[in-house]
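# Descriptive structure summary
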Amino acid sequence: MGGKGMTWLLVAALSLFVLSNTVFVVKETERAVMLQFGEVVNPDIRPGLHVKVPFVNNVRKFEARLLTVDSTPERFFTQEKKALIVDSYAKFRVADTAKFYTATNGEEARASALLGQRINDGLRNQVAVRTIQEVVSGQRDQLMEALTEELSEVALEEYGVEVLDVRVKQIDLPPDVSESVYRRMNAEREKEAREHRALGQELAEGIRAAADREVTVLEANAYRDAQLIRGEGDALATNIYAEAFNSNPEFYSFTRSLRAYRESFQNSGDIMLIQPDSDFFRYLKDSEGSQ
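The shown structure was predicted, so the numbers you read here are calculated from the model rather than taken from an experiment.

## A closer look at the overall build of the protein
Per the secondary structure count, the protein includes 8 helices and 9 strands. Across the 291 residues in the protein, those meeting the buried criterion constitute 23%. Total accessible area computed for the protein in this model is approximately 20200 Å², and 55% of it derives from carbon and sulfur atoms.

What follows is the structure, given as C-alpha cells:
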C-alpha cells in the first residue's frame, strides 16, 4: 500500500471516529443531558437521533423507567417510646435531568443512598407520632401515603427525582423486645388455657352430677314402679289363693300337705322327729283316720 492509500485510510478512520462522536441515540427508556465542558447546555434531550460537537459536548444518559431504592431496616421509636424495626422501599424515576445530574452526578447509587436516608428520616418522624397498633395496622396506609407525598416534594426539589410510592415491607420488634413479648404472650396463653381447662372441668362436673342425679331418679322411679307392680301381683295372688281356699278348703289343705311332704323328704337320709299323732301326718293315715 502506497503513501496515498495510507492517507486515505487514515482519513476514513478519522472521519468514522469523528462521526461516532458526533451522532448519538437516546432510547425510549432513557433520559439524557448534554454537557459543554461540564456545564449543562441541554437539560432534556428527547428520545431519537441527535448530534453533538465532538470533544466539546458530552452526553450523559439516565434510566427513564421506574427505579427502586431498598432501604436498610432501621430502628424507630413509637409514641409510647417502643422500638420497632421497620424495613421499607420506594419507587422513583428521574423527572428533572439537569437537577438529577447536578445533585447526584448522574449516579443512581448515589440517588438511592440519598433517598434511602430521606425515607428513614421520614419514617422516623411518622412513627414517632403514632402508637404501635397504629403503625402496624391501624394507620399503616395513612403513614405510607403521607410519607410518599412529603418525600416526593423534597426529592423533586433537591434531587430532581419523583417518588411515586413508599412501602413498608416488614415491621418487627427488636430481638430483645421480641423475647420478652414472646414470654408475656406465652404466659397469657397458658393462663387462658388454664381458664379454659377449669371451665371445661366445671362443665364436666356439672354434666356428671346431672347424669348421676338422673340415674338416681330413674332407679328410684323404677324401684317404685317395680314395688307397685309386685304389690299388685302379690295382692292378686293372695286373692286367687283366697278364692281357691274358700272354694275347697280341704283340697287346698291337702295340696299344701303334699308340698310340705315333698320338701321335707327330698333326700333318702332325711330324719324328722315328730309325734305320730301330729297333724303333719294327717293325710298319711288311713282314710278313716283322716276324716
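## What about helix α3 (residues 108-128)?
The end-to-end C-alpha distance of α3, which contains 21 residues, comes to 30 Å, matching closely the 30 Å that a straight helix rising 1.5 Å per residue would cover. Taken as a whole, α3 has its buried residues at Ala111, Leu115, Gly116, Ile119, Asn120, Gly122, Leu123, Gln126 and Val127.

## Side note on the nonpolar core
If you look at the biggest cluster of nonpolar residues, it comprises 30 residues, and the most contacted ones within it are Leu115 and Leu123. Sorting the residues of this core by element identifies β2 (30-36), β6 (67-70), β8 (83-94), α2 (97-104), α3, α5 (140-158) and β9 (161-172) as the ones contributing at least two each. If sequence neighbours within four positions are ignored, Leu123 has contacts with Phe76, Val86, Ser88, Leu143, Leu147 and Val168.

## As for α2
Along α2, the residues that are buried comprise Thr97, Ala98, Phe100, Tyr101 and Thr104. One side of α2 holds all its buried residues, which, seen down the axis, span an arc of 165 degrees. Those residues of α2 that are buried are in contact with β2, β3 (39-45), β5 (57-63), β8, α3 and β9. Where α2 terminates, the next one or two residues include Asn105, which has phi positive at roughly 60 degrees.

## Observations concerning the packing of aromatic side chains
A complete count under the given rule lists 1 aromatic pair for this structure. Their ring planes at 75 degrees and their centres at 5.2 Å tell us that Phe62 and Phe100 sit as a pair that is edge-to-face. Of the two residues, Phe62 is situated in strand β5 and Phe100 in helix α2; the sequence distance between them amounts to 38 residues. By relative accessible area, which is 1% here, Phe100 ends up buried.

## Re the pattern of salt bridges
Overall, the coordinates contain 11 salt bridges when judged by the stated rule. For the salt bridge of Arg65 with Glu63, the shortest nitrogen-to-oxygen distance reads 2.6 Å. Between Arg167 and Asp165 there is a salt bridge; the shortest N-O distance is 2.9 Å. The class for Arg167 is partly exposed, based on a relative accessible area of 34%. Look at Asp165 and you get partly exposed, because its relative accessible area is 23%. Three or more residues are tied together by salt bridges with common partners; here these are Arg31, Asp44 and Arg46.

Scoring rules and cut-offs
- Here the residue numbering is sequential within each chain, running from 1 through the sequence in written order.
- Where local features are concerned, this predicted model is filtered to residues with pLDDT of at least 70; where side-chain atom pairs are given and counted, the filter is 80 or more; whole-chain, interface and lining totals use all residues.
- Neither water nor hydrogens contribute to the side-chain values; these are computed over all heavy atoms in the structure.
- What counts as a helix is a DSSP run of H or I of at least four residues, what counts as a strand is a run of E of at least two, and both are numbered from the N terminus.
- Three exposure classes are used, based on accessible area relative to the maximum for each residue type with a 1.4 Å probe and protein chains only: buried under 20%, partly exposed in between, and exposed over 50%.
- Computed with a 1.4 Å probe, the accessible areas rest on the Shrake-Rupley method; for each residue, only the protein chains presented here act as cover.
- Take the number of residues in a helix, subtract one, and multiply by 1.5 Å to get its expected span.
- Throughout, nonpolar core names a set of buried Ala, Val, Leu, Ile, Met, Phe, Trp, Tyr and Cys residues whose side chains join them through atoms within 4.5 Å.
- The contact definition used throughout considers only heavy atoms, calling two residues in contact when any of these lie within 4.5 Å.
- Directions pointing from the helix axis toward each C-beta atom define the arc.
- Within 6.5 Å between ring centres, the rings of Phe, Tyr and Trp (the latter by its six-membered ring) count as paired, and their orientation is classed by plane angle as stacked under 30 degrees, edge-to-face over 60, tilted in between.
- When a carboxyl oxygen of Asp or Glu is within 4 Å of a side-chain nitrogen of Lys or Arg, the pair counts as a salt bridge.

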